[in-house]
Protein chains: 2
Amino acid sequence: MSVSRAIRGVEGVSEKTRAEILKIARDMKYVPNSNARSLAVANSNLIGISLPTFAGEVFADILNGMRRTLDSAGYSSVIDTTEYNPDAELNWVRRLLSWQPAGIILTGLDHKPETVELLRASPIPVLEIWDHTDHPIDICVGIDHFKAGQMIGAHAVAMGYTRPAFVSAPRGHDTRADARLAGLRTVFSQDMSVPVLSARPDAGNSFATGFDGTAQLLDTAAPDIICYLNDHMAFGGLMCCQKRGLSVPEDIGIAGFNQLDLASVLPKKLTTVRTLRRLMGITGATNLLARINGVAVEKSKPLPLELIPGETTRPQTS
Amino acid sequence: MSVSRAIRGVEGVSEKTRAEILKIARDMKYVPNSNARSLAVANSNLIGISLPTFAGEVFADILNGMRRTLDSAGYSSVIDTTEYNPDAELNWVRRLLSWQPAGIILTGLDHKPETVELLRASPIPVLEIWDHTDHPIDICVGIDHFKAGQMIGAHAVAMGYTRPAFVSAPRGHDTRADARLAGLRTVFSQDMSVPVLSARPDAGNSFATGFDGTAQLLDTAAPDIICYLNDHMAFGGLMCCQKRGLSVPEDIGIAGFNQLDLASVLPKKLTTVRTLRRLMGITGATNLLARINGVAVEKSKPLPLELIPGETTRPQTS
DNA sequence: AGAATGAACGTTAGCGTTAACGTTCATAAT
DNA sequence: ATTATGAACGTTAACGCTAACGTTCATTCT
């Protein structure tokens, strides 16, 4: 027990004995056994994190914020990607629960009923991140994607665009994309009863998907503004317009999302929506840690969005 | 014991009993305790993965390949990022070892001596990925970055460029960048005794770093070809040249690295080097699994590189 | 009929740790 | 001198699981 106390740094050993113990431990290259510790105290310092994908800046940024926060609190992360497949998520949650993790972080709100049931039944704190809802499984930190869509739509209307289109998620089950498109649609149907066209090609990567989706829309219709799932896709779209000799923003407007790094070097500033992804990760992780430590936190924290008007949409019509 | 056998799916229980047990387990929402299992069998089905960063396609691709392979073999991953800091890596390895993981994956070869010692002393299989060496800690799968630098240099020389420059890693301790620059330098110093200038700004993201590094080089010298750490930085450089009215590849050549997604939509095909990152992840993970299962594998597997000539360097001088 | 066989199932002990409580013993209070 | 005190350190049992070995009993063989 003195060894256990010395190594954990808790009270009950004299400094002299502690020093001797630590020296011997070093000499014999002692490595503690976390499995035994976790078994004895009935919980671990692991936190499970589930993401749709590692691709793209978005989840990398969120993850970065979360990792930093969790790491400095002494937690390790068991990370998985679901590729937007709720079944994969369920399987992973099952496996993860067997480790008695201190907490679980899921991306988004689109889970199988069984997953929700499983997590609600367990005493483990759960954070849902990226999306926003007033009724999370446990706690949530994110943005309102429906509102984001409305925000883009309102801007487009204000700039005098009348023939909107949207290039959406290439594959899988991205409910955020759907929510943004829905938000966009409410604006245009209310204000002008205009349908929002959408394309959803799968070209292997975001840039190419933006390019192909744009080509598809331009071939079949004549939109005067195209909104994209993110800046990478918007850049693909920009390239497509450029190739076809369309001038942006005169002939056609382009709006991205997320304000990604790429935008910092483009000669033409991209119209986009700023999302505070790192902050989201930090806030989410901080709230989860509080929850783990039994401190009460906001059930549901929305993060602000900001529309960044750029040079790929028309300036305010006077 | 029958319960244990039934749930693990091993021999020694009749099908009838097994079915009954599984039904009851489901009804009572039984969740196995991996900590206890790992304690009893003295190893876990966790695999530790250490990466420099989550940012960028490169590590996301490698990680993706590894995760897929490990996941389907029933392993979960404890993932950490070191931000190119060997001390952070050491701390993480220490923490990780306490979980008795089945295997450990590190990025690159640049570890603290203590880290290497610790890992050599433990019986746990270790994979080093991304870089290549003939003397890995245990096994390794990667590419030879020095050779990659030589490959780019040779191409530049063949295309008649004579005033080379390199824009390198923004921050931290990226030995791959150094190795590529060194490779590039051997070619130019051997063939033409020309120094390779280099810039190393830190502008917050790859695109901006490429842009700033290029500006810096153009302000202080007159390179006729600039090689970049990766395609994103090359794109930043391309934007900088374009802004200054330099025509590519006539006035100046641009060479990237890694053949990233972005390149697929650029109007001007980027000269770059193709790296098989997903394959590397899959191969690495597969070899590690073999090693875990006691099957002998290649100590050190180099993956092929391919120079992709594009339109941002001059065509062959006739 | 009796013995041999082996699948099905049970018992025991141990994995390394820690919570809870027990012991020791120098020092202080009476 | 005796007793009380409490910091320092030790002992025990339990966490949930599985390897190893023990028991049971229907079936088959002689």
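Residues numbered from 1 in each chain as written. Chains lettered and ligands numbered in written order. Predicted model: local features only at pLDDT ≥ 70, side-chain atom pairs only at ≥ 80, totals over all residues.

A. Local environment of the protein's contact with DNA strand C. Around DNA strand C sit 18 residues in total, of which A:Ser4, A:Asn33, A:Ala36, A:Ala40 and B:Met1 are the nearest. Elements supplying a minimum of two residues to the surface near DNA strand C: α1 (2–8) and α3 (34–41) of chain A together with α3 (34–41) of chain B. Take the surface near DNA strand C: its biggest share by element is 5 residues, from α3(A). Here the residues of the surface near DNA strand C sort into 10 nonpolar, 6 polar and 2 charged. (Near = placed C-beta within 6 Å. Helix = DSSP H or I, 4+ residues; strand = E, 2+ residues; numbered from the N terminus. Nonpolar A, V, L, I, M, F, W, Y, C, P; charged D, E, K, R; others polar.)

B. Quick look at unusual backbone geometry. Note that the residue after A:Val248, namely A:Pro249, is joined by a cis bond; omega there is 5°. Along the chain, A:Pro249 falls in the loop between α10 (231–243) and β9 (253–255). Positive phi is not limited to glycine here, since A:Lys29 has a value of about 50°. Among the structural elements, A:Lys29 can be located in the loop between α2 (15–27) and α3. A:Lys29 sits in the exposed class, given 10 other C-beta atoms within 10 Å. Of note, B:Tyr84 is a non-glycine position whose phi angle comes to about 65°, a positive value. Along the chain, B:Tyr84 falls in the loop between β2 (76–81) and α5 (86–97). (Buried ≥ 20, exposed ≤ 12 C-beta atoms within 10 Å, placed from the backbone.)

C. Molecular detail of the sheet that holds strand β7 (residues 197–199) of chain B. All names here are of chain B. Strand order in this open sheet of 4 strands is β7-β6-β8-β9, and the pairing throughout is parallel. Either end of the sheet is taken by a strand with one partner, and the two such strands are β7 and β9 (253–255). In this sheet, adjacent strand axes meet at a mean angle of 20° when their direction is disregarded. Where strand β8 (residues 225–228) and β9 come together, 3 bridges link them in parallel fashion. The residue of β9 that forms the bridge with Ile 226 is Ile 254. (Pairing = 2+ DSSP bridges. Axes fitted to C-alpha atoms, helices over the stretch in contact; angles between N-to-C directions.)

D. Just the relation of the copies chain B and chain A, in detail. Take chain B, turn it by 180°, move it 0.0 Å along the axis, and it overlays chain A with an RMSD of 0.0 Å. Here the two chains are linked by the operation of a two-fold rotation axis. A shared interface surface links the copies, since 100% of the contact residues of chain B are contact residues in chain A too. (Least-squares fit on C-alpha atoms with pLDDT ≥ 70 in both. Contact = placed C-beta atoms within 7 Å.)

E. View of the pairing of strand β1 (residues 46–51) of chain A. All names here are of chain A. A large share of β1 lies buried, amounting to 6 of its 6 residues. Burial of β1 is two-sided: the residues Leu 46, Gly 48 and Ser 50 facing one way and the residues Ile 47, Ile 49 and Leu 51 facing the other way are all buried. The pairing of β1 with strand β2 (residues 76–81) spans 6 bridges and is classified as parallel. Considered in β2, the bridge of Leu 46 is made with Ser 76. Traced from β1 through helix α4 (residues 57–72) to β2, the parallel crossover comes out right-handed. The sheet contact formed by β1 and strand β3 (residues 103–107) spans 4 bridges and is parallel. Bridge pairing links Ser 50 to Leu 106 in β3. (Right-handed = clockwise from strand over helix to strand, strands pointing away.)

F. Spatial organisation of the interface of chain B and chain A. On the chain A side, the residues contacting the 42 residues of chain B number 43 residues. For the side of chain B that touches chain A, the elements supplying multiple residues, two or more each, are α3, α4 (57–72), β2, α5, α9 (206–220) and α10 (231–243) of chain B. Among the residues forming the side of chain B that touches chain A, the class breakdown is 21 nonpolar, 16 polar and 5 charged.

G. Molecular detail of the protein's contact with DNA strand D. Close to DNA strand D lie 19 residues, the nearest being A:Met1, A:Ser2, B:Ser4, B:Asn33 and B:Ala36. When residues of the surface near DNA strand D are traced back to their parent elements, those giving at least two are α3 of chain A together with α1 (2–8) and α3 of chain B. With 5 residues, the single largest contributor to the surface near DNA strand D is α3(B).

H. Geometry of the sheet that holds strand β6 (residues 164–167) of chain A. Residues and elements named next belong to chain A. Spatially, 4 strands are ordered β7-β6-β8-β9 in an open sheet, and the strand pairing comes out parallel. Looking along the sheet, the strands with just one partner apiece sit at the ends: β7 (197–199) and β9. If you compare each strand with its neighbour and ignore which way they point, the axes differ by 20° on average. In this structure, β6 lies alongside β7, joined through 3 bridges in parallel fashion.

I. Examining the environment of B:Ile152 more closely. Residues and elements named next belong to chain B. Structurally, the position occupied by Ile 152 is in helix α7 (residues 145–158). With 28 C-beta atoms packed within 10 Å, Ile 152 lands in the buried category. Separated by 29 residues in sequence, Ile 152 and Pro 123 place their C-alpha atoms 40 Å apart. Apart from the residues within four sequence positions on either side, Ile 152 is in contact with Leu 184, Cys 227, Ala 255, Val 273 and Leu 307.

J. Inspection of the pairing of strand β4 (residues 126–131) of chain A at higher detail. All names here are of chain A. Where burial is concerned, most of β4 is hidden: 6 out of the 6 residues are buried. As paired strands, β3 and β4 are joined by 4 bridges and run parallel to one another. The residue bridging Ile 104 from the neighbouring strand is Val 126, located in β4. Read as a crossover between parallel neighbours, the route from β3 over helix α6 (residues 113–121) to β4 is right-handed.

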